[in-house]
Amino acid sequence: MKIKFPATDPGIPSFVTLDDFLDRTFARCISDELESDAVRDIMEPFLIDKPRANFSNNLPFIPDGKGIPDTDRSYDKKNASQTFNRILELCPNLYKLWLKMRGEELFNRCILDNIDILEHKGIVSTHLSFNPESQLSVKKKQCVNEGTQLMIAPDFHLSVAKRGYDVNVHSDNRYKILFGVLYFNDVRAEEGGQTCFWASRGSGDIGDYPRYPDPGDIRLLDAIEPKEGRFVLGLNSNDAYHSVREYTGSGRRQFVYFSFFVPDCENVWKVNCEL
């Protein structure tokens with residue numbers, strides 16, 4: 001099945017909600033794996049009570065070590081990667097999913113099948129290729145032109161968030177092409193945790209949108225409930241404003257944060273303002 005993003009006007013993020021990406025029974029199996037005593041014991045040091053993320057670098061993520069390194073967390077990065085690998089050993093269904101999301105088929109469906117929409121939403125170059133093993137570069141290109149070859153890699157962060165987790169309105173780092181959240185369990189609407197997309201009344205020029213919008217310039221466009229097997233994907237254009245409502249439940253909000261990113265470029269979107 002094709003994944004097709006809408007060609008939205010400036011100020012309107014381009015996103016899709018896929019309820020058929022992951023079979024609900026399979027998602028439930030992964031959720032059960034993550035709730036096993038062995039996995040809970042391994043993950044506990046990485047989880048944060050009342051994390052109040054809000055860019056305080058307290059995101060409750062365990063990176064797979066194959067994508068963007070989580071450079072601001074206080075735990076040892078090598079240990080984090082070892083922890084993720086140990087979780088994969090204990091969770092065969094999660095391992096199958098990890099392989100699927102790092103495969104070229106998903107890249108083709110999300111990126112190559114949407115080249116026209118990416119260009120419409122302001123990507124600088126449409127010369128794109130895929131390398132799942134690429135790492136984020138310390139020294140990144142500052143300038144990209146229409147002829148630049150962009151190597152794209154996947155990033156997969158496992159998360160089990162406790163009460164208090166939320167994220168303010170923003171667009172992601174501009175070396176990212178796409179971002180997404182894949183849920184493993186249902187969360188009741190009254191417990192929060194929705195992924196929200198925001199429309200902006202900003203300029204008609206896609207290059208004018210800053211990463212953090214003026215609160216008075218945005219309005220809520222959609223609030224998407226966490227449901228097992230649901231995959232929410234957004235193109236990371238300059239106007240791709242999104243947030244997470246505070247999760248107030250007593251359980252755990254299980255999900256993967258996923259992205260496709262360009263490891264060696266600081267910015268791959270047309271901009272008229274300072275990054």
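Counting restarts for each chain: residues are numbered from 1 in the order of the written sequence. At least 70 in pLDDT is required for a residue's local features to be given in this predicted model, at least 80 for side-chain atom pairs to be given and counted, and no such filter applies to totals for whole chains, interfaces and linings, which use all residues. Side-chain calculation: all heavy atoms of the structure are included, whereas hydrogens and water are not.

## Observations regarding the overall build of the chain
At step 1: Secondary structure summary: the chain contains six helices and 11 strands in total.
At step 2: For every residue, the accessible area (1.4 Å probe, protein chains only) is compared with the maximum for its type, and the residue is labelled buried under 20%, exposed over 50%, or partly exposed between those bounds. Residues classed as buried in the chain amount to 55% of the 275 residues present.
At step 3: Two residues qualify as a contact provided that any one of their heavy atoms is within 4.5 Å of a heavy atom in the partner residue. At a minimum sequence separation of 6, the contacts of the chain that also span at least 24 residues come to 82%. By the criteria applied, helices consist of DSSP H or I runs no shorter than four residues and strands consist of E runs no shorter than two, each listed in order from the N terminus.

## Description of the packing of aromatic side chains
At step 1: Stacked, tilted and edge-to-face pairs are distinguished by plane angle, under 30 degrees for stacked and over 60 for edge-to-face with tilted covering the rest, among Phe, Tyr and Trp rings (Trp via its six-membered ring) whose centres lie within 6.5 Å. Counted under the stated rule, the structure contains 13 aromatic pairs.
At step 2: Here the aromatic rings of Phe-231 and Phe-258 are separated by 6.4 Å at their centres, their planes lie at 65°, and the arrangement is edge-to-face. Taken as a pair, Phe-231 in strand β9 (residues 231–235) and Phe-258 in strand β11 (residues 253–261) lie far apart in primary sequence, 27 residues in all. Here the two residues Phe-231 and Phe-258 agree in accessibility, since each one is buried.
At step 3: The rings of Phe-21, Phe-107, Phe-130, Phe-231, Phe-258 and Phe-260 are connected pair by pair, giving a single aromatic cluster.
At step 4: Positioned above the aromatic ring of Phe-21 is the side chain of Lys-100, whose terminal nitrogen or guanidinium carbon lies 4.3 Å from the ring centre.
At step 5: Across from the ring centre of Phe-255, 4.5 Å away, lies the NZ or CZ of Arg-253, which sits over that ring. The criterion is that NZ of a Lys, or CZ of an Arg, lies within 6 Å of the ring centre and within 35 degrees of the ring normal, and then a charge sits over that ring.

## Looking at the packing of helix α1 (residues 24–34) against helix α4 (residues 92–101)
At step 1: Taken N-terminus to C-terminus, the directions of α1 and α4 make an angle of 120°; their axes are 8 Å apart at the nearest point. Considering the angle they form, α1 stands oblique to α4. Residues Phe-26, Cys-29, Ile-30, Glu-33 and Leu-34 of α1 lie in contact with α4, whose contacting residues are Pro-92, Asn-93, Leu-94, Lys-96 and Leu-97.
At step 2: Looking at the contact of α1 with α4, its residues break down into seven nonpolar, one polar and two charged. The convention used is that axes are lines fitted to C-alpha atoms, helices contributing only their stretch in contact, and that angles between N-to-C directions extend from 0 to 180 degrees. These descriptions rest on fixed angle ranges, namely under 35 degrees for roughly parallel, over 145 for roughly antiparallel, 65 to 115 for roughly perpendicular, and the rest for oblique. Ten residue types, Ala, Val, Leu, Ile, Met, Phe, Trp, Tyr, Cys and Pro, are classed as nonpolar, four, Asp, Glu, Lys and Arg, as charged, and the remainder, Gly among them, as polar.

## Concerning the sheet that holds strand β10 (residues 242–244)
At step 1: DSSP-based pairing: two strands are paired if at least 2 bridges between them are found. Taken together, the four strands give an open sheet; going across it, the order is β5-β10-β7-β8, and neighbouring strands pair in antiparallel fashion. Looking at which strands have only one partner, the edges of the open sheet turn out to be β5 (167–170) and β8 (218–224). Neighbour-to-neighbour, the strand axes of the sheet open up by a mean angle of 20°, direction not taken into account.

## Structural notes on the nonpolar core
At step 1: One finds Leu-34, Leu-94, Ile-111, Ile-177, Leu-178, Phe-184 and Phe-260 to be the most contacted residues of the largest nonpolar core, which totals 50 residues.
At step 2: With five residues, the single largest contributor to this core is strand β4 (residues 149–161).
At step 3: Nonpolar cores were defined as sets of buried Ala, Val, Leu, Ile, Met, Phe, Trp, Tyr and Cys residues, with membership established by side-chain atoms within 4.5 Å. In terms of nonpolar packing, the next biggest core, distinct from the first, is built from 14 residues, Tyr-165, Val-167, Val-232 and Phe-255 among them.

## With respect to the pattern of salt bridges
Any two side chains of opposite charge can pair, given that their charged atoms come close.
At step 1: Within this document, salt bridges are pairs made up of a side-chain nitrogen of Lys or Arg and a carboxyl oxygen of Asp or Glu, the two lying within 4 Å of each other. Scanning the entire structure with this criterion turns up 14 salt bridges.
At step 2: Ionic pairing is found between Asp-264 and Lys-141, a salt bridge with its closest N-O pair at 2.7 Å. Residue Asp-264 is found in the segment after β11, and its partner Lys-141 is found in the loop between β3 (127–130) and β4; the two are separated by 123 residues along the sequence.
At step 3: Residue classification places Lys-141 among the partly exposed positions, given a relative accessible area of 36%.
At step 4: In this structure, Arg-188 and Glu-191 form a salt bridge, with 2.8 Å as the shortest nitrogen-oxygen distance.
At step 5: Overall, the relative accessible area of 12% leaves Glu-191 in the buried class.
At step 6: Via salt bridges that share partners, Arg-24, Arg-28, Asp-186 and Glu-228 belong to a single interconnected network.

## Describing α4
At step 1: All buried positions along α4 are accounted for by Asn-93, Leu-94, Leu-97, Trp-98 and Met-101. All buried residues of α4 lie within an arc of 140° about the axis, which places them on one face of the element. Think of it as the arc spanned by the lines of direction from the helix axis to the C-beta atoms.

## Some thoughts on the side chain of Ser-31
At step 1: Residue position: Ser-31 is located in helix α1.
At step 2: Assessed through its relative accessible area of 10%, Ser-31 is described here as buried.
At step 3: Polar contact is defined as a pair of N or O atoms within 3.5 Å, subject to the rule that within protein one atom must be able to donate a hydrogen and the other to accept it, and that residues adjacent in sequence are counted only when both atoms are side-chain atoms. There is a polar contact of 2.5 Å between the side chain of Ser-31 and the side chain of Gln-254.
At step 4: Among residues more than four places away in sequence, those in contact with Ser-31 are Phe-184, Asn-185 and Gln-254.

## Focus on the confidence of the model for the chain
At step 1: Per-residue pLDDT for the chain has a mean of 88; in total, 88% of the residues score no lower than 70.
At step 2: The low-confidence segment residues 51–59 (pLDDT under 50) makes 27 contacts with residues lying over four places distant or belonging to another chain. Confidence scores per residue from the predictor, reported as pLDDT, run from 0 to 100.

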